[in-house]
Amino acid sequence: MHELLDASAVTLARWIRQRKLSPSELLEALIARIADVNPAINAVIAERHEAARAEARAAEHRVMHEPPEALPPLLGLPYTAKEYISARGMPLSAGIWSRRHIRADTDAETVARLARAGAILIGITNVPEGGLWMETYNDVYGRTRNPWDLSRTAGGSSGGEGAIVAAGGAVFGLGADVGGSIRIPAAFCGCVGHKPTGRMVPNTGFWPQASGELSAYLVCGPLTRRVEDLFPILSVLAGPDGVDEVVRDWPLERPADIDLRGVTVYPMTGNGRVWVREPMRLAVERAAEALRERGATIGSIDSRRLRNAFPIWSAMMSLSGSPPYSEILGGGQPIAVLRELARLALGRSRHTLPAVLVVGLEQLSNCFPGRKQALVAVGKALQAELEAALGPRGVLLFPPYSRPAPRHTMPLLTPFDFVCTGLFNVLEFPSTTLPVLWHRGLPVGVQVIGRRGADGLTIAAAQALEHAFGGWRRANPPLLAAA
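Residues numbered from 1 in each chain as written. Predicted model: local features only at pLDDT ≥ 70, side-chain atom pairs only at ≥ 80, totals over all residues. Heavy atoms only, no water.

(A) Up close: the packing of helix 10 (residues 278–293) against helix 17 (residues 455–469). At a minimum axis distance of 10 Å, the contact between helix 10 and helix 17 shows a crossing angle of 100°. Taken together, the axes of helix 10 and helix 17 lie roughly perpendicular to each other. Residues Arg286, Ala287, Ala290 and Leu291 of helix 10 lie in contact with helix 17, whose contacting residues are Ala461, Ala464, Leu465, Ala468 and Phe469. Considered class by class, the residues forming the contact of helix 10 with helix 17 number eight nonpolar, no polar and one charged. (Axes fitted to C-alpha atoms, helices over the stretch in contact; angles between N-to-C directions. Helix = DSSP H or I, 4+ residues; strand = E, 2+ residues; numbered from the N terminus. Parallel < 35°, antiparallel > 145°, perpendicular 65-115°, else oblique. Contact = heavy atoms within 4.5 Å. Nonpolar A, V, L, I, M, F, W, Y, C, P; charged D, E, K, R; others polar.)

(B) Region of interest: the packing of aromatic side chains. The full count for this structure, using the stated rule, is nine aromatic pairs. Between the aromatic rings of Tyr79 and Phe172, the centroid separation amounts to 5.0 Å while the plane-to-plane angle is 5°, which identifies the pairing as stacked. In this pair, Tyr79 is assigned in strand 2 (residues 78–82) and Phe172 in strand 8 (residues 172–177), connecting sequence segments 93 residues apart. Pair check on accessibility: Tyr79 and Phe172 agree, each one buried. (Phe/Tyr/Trp six-rings, centres within 6.5 Å; stacked < 30°, edge-to-face > 60°. Buried < 20%, exposed > 50% of the residue type's maximum accessible area, 1.4 Å probe, protein only.)

(C) Quick peek at the nonpolar core. With 156 residues, the main nonpolar core has Leu77 and Leu114 as its most contacted residues. Sorting elements by how many residues they give to this core places helix 3 (residues 23–41) first, with nine residues. (Core = buried A, V, L, I, M, F, W, Y, C linked by side-chain atoms within 4.5 Å.)

(D) Inspection of the pattern of salt bridges at higher detail. On inspection of all chains with the given rule, the structure shows 21 salt bridges. Close ionic contact of Arg281 with Glu278 constitutes a salt bridge, the shortest N to O distance being 2.7 Å. Note that Arg281 and Glu278 are positioned in helix 10 at a spacing of three residues, about one turn of the helix. Glu278 gets classed as partly exposed once you look at its relative accessible area, which sits at 41%. When salt bridges that share partners are traced, they join Glu28, Glu50 and Arg53 into one network. (Salt bridge = Lys/Arg side-chain N within 4 Å of Asp/Glu carboxyl O.)

(E) Structural view of the sheet that holds strand 14 (residues 431–439). Across the sheet, 11 strands lie side by side as 1-3-2-8-10-9-14-15-13-11-12; this open sheet has mixed pairing. In the strand order of this sheet, the two ends are held by strand 1 (44–47) and strand 12 (297–298), each with one partner. Lying on the sheet, helix 10 is in contact with strand 11 (264–267), strand 12, strand 13 (394–398), strand 14 and strand 15 (442–449); it crosses strand 15 at an angle near 55°. (Pairing = 2+ DSSP bridges.)

(F) Main features of the environment of Leu214. Mapping Leu214 onto the fold places it in helix 8 (residues 214–217). Leu214 sits 212 residues away from Val426 along the chain, and the two C-alpha atoms are 8.8 Å apart. Those residues in contact with Leu214 that sit more than four places away from it in its chain are Val178, Met317, Ser320, Ser322 and Pro323.

And the structure:
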């Protein structure tokens, strides 16, 4: 059992192809693991066990009757997906009370691609209401807890994914990231997360529908146990589908083909605005030294434009063509912020406080349309400046958040700290996050960031860091704790 809960996706896929492991055996081990840990962490909010069992039996039949080279790359690997990504017959509430009965009638393109690659969807995971928050909580399914410390947040918006992958309940997870929604949960929960280059993975079937520039900033990607799992999954997810008009065919360089002796590493411990705590700064410094010991060169980048990270992210998101957040929460009609705040005070609102506050910030920012255009220009200039500095073989090391996983509700005191990740969404840069240190029993992660299209490079550097520091270890929350 422990081998199945601790092995990488690459290893498990190899065992299946070698007929050392039955897909049904693996699936049942994960179903049992979810049953053990989910009462404590509340990560998985819907299951499809019977359908998954049928798919596992079909996968086993293929293994027994087809040559290994004819089998799809992810055959028999159970995974979970966050609730914003459509999966036929599964919940699609987005954590919004008025949508609590909604079910998806089709599969998102990412889910369909994983199915064609042989992966088996085992369940759907929890998200924050409306998605734009770094703590996973809503009035439909409740709060997701960090498997390392139940008093702390698992992050968001792919918090359910981060928690269940960290606890060994899924071989990998499918998340989505528009401001850190893959990388923050990965950092808080101690697993591996990759936000692909913008315009690399189609968002067809994501809710709410992403189009135009929003579909460049929002990217679906994997959360995994090990860095070696990222590239095989990304290779399945990437590429145009003929529907999402912004997606292009990026060439993917294999991480195994990259020699770190030709890589320059640029460590940065913050953007000059966010107060980054000592454990996060130490993780960046030690990661840089580990890469230097493996042949990389250390460089420096001084970009004062990073100080404008939140205004840049906010302006570029606002002008991306995204639907107003207030209308997403209100089912097509904008919610009244003051009324909802009053209802929250009386315990009568079906919205969460962070979601209402985000609507207030959105409406406030709409009062300055001219400044938004200027900030978009600053963001584009920063993108060009950083790409020129990084070049084809440069990576930036950056904290994924200001500190390790905070206690529940504490992110409300530092609502802008997500820009440690969010800035790189609107710059469309790939970013791989992995644990490198542990502080008071909590994982401490680092982002490895490259210029657009350099996904293979960030994964290669992250794999070297995993070898240096050990990487993911399975979290064991108290079993059968009260939800």
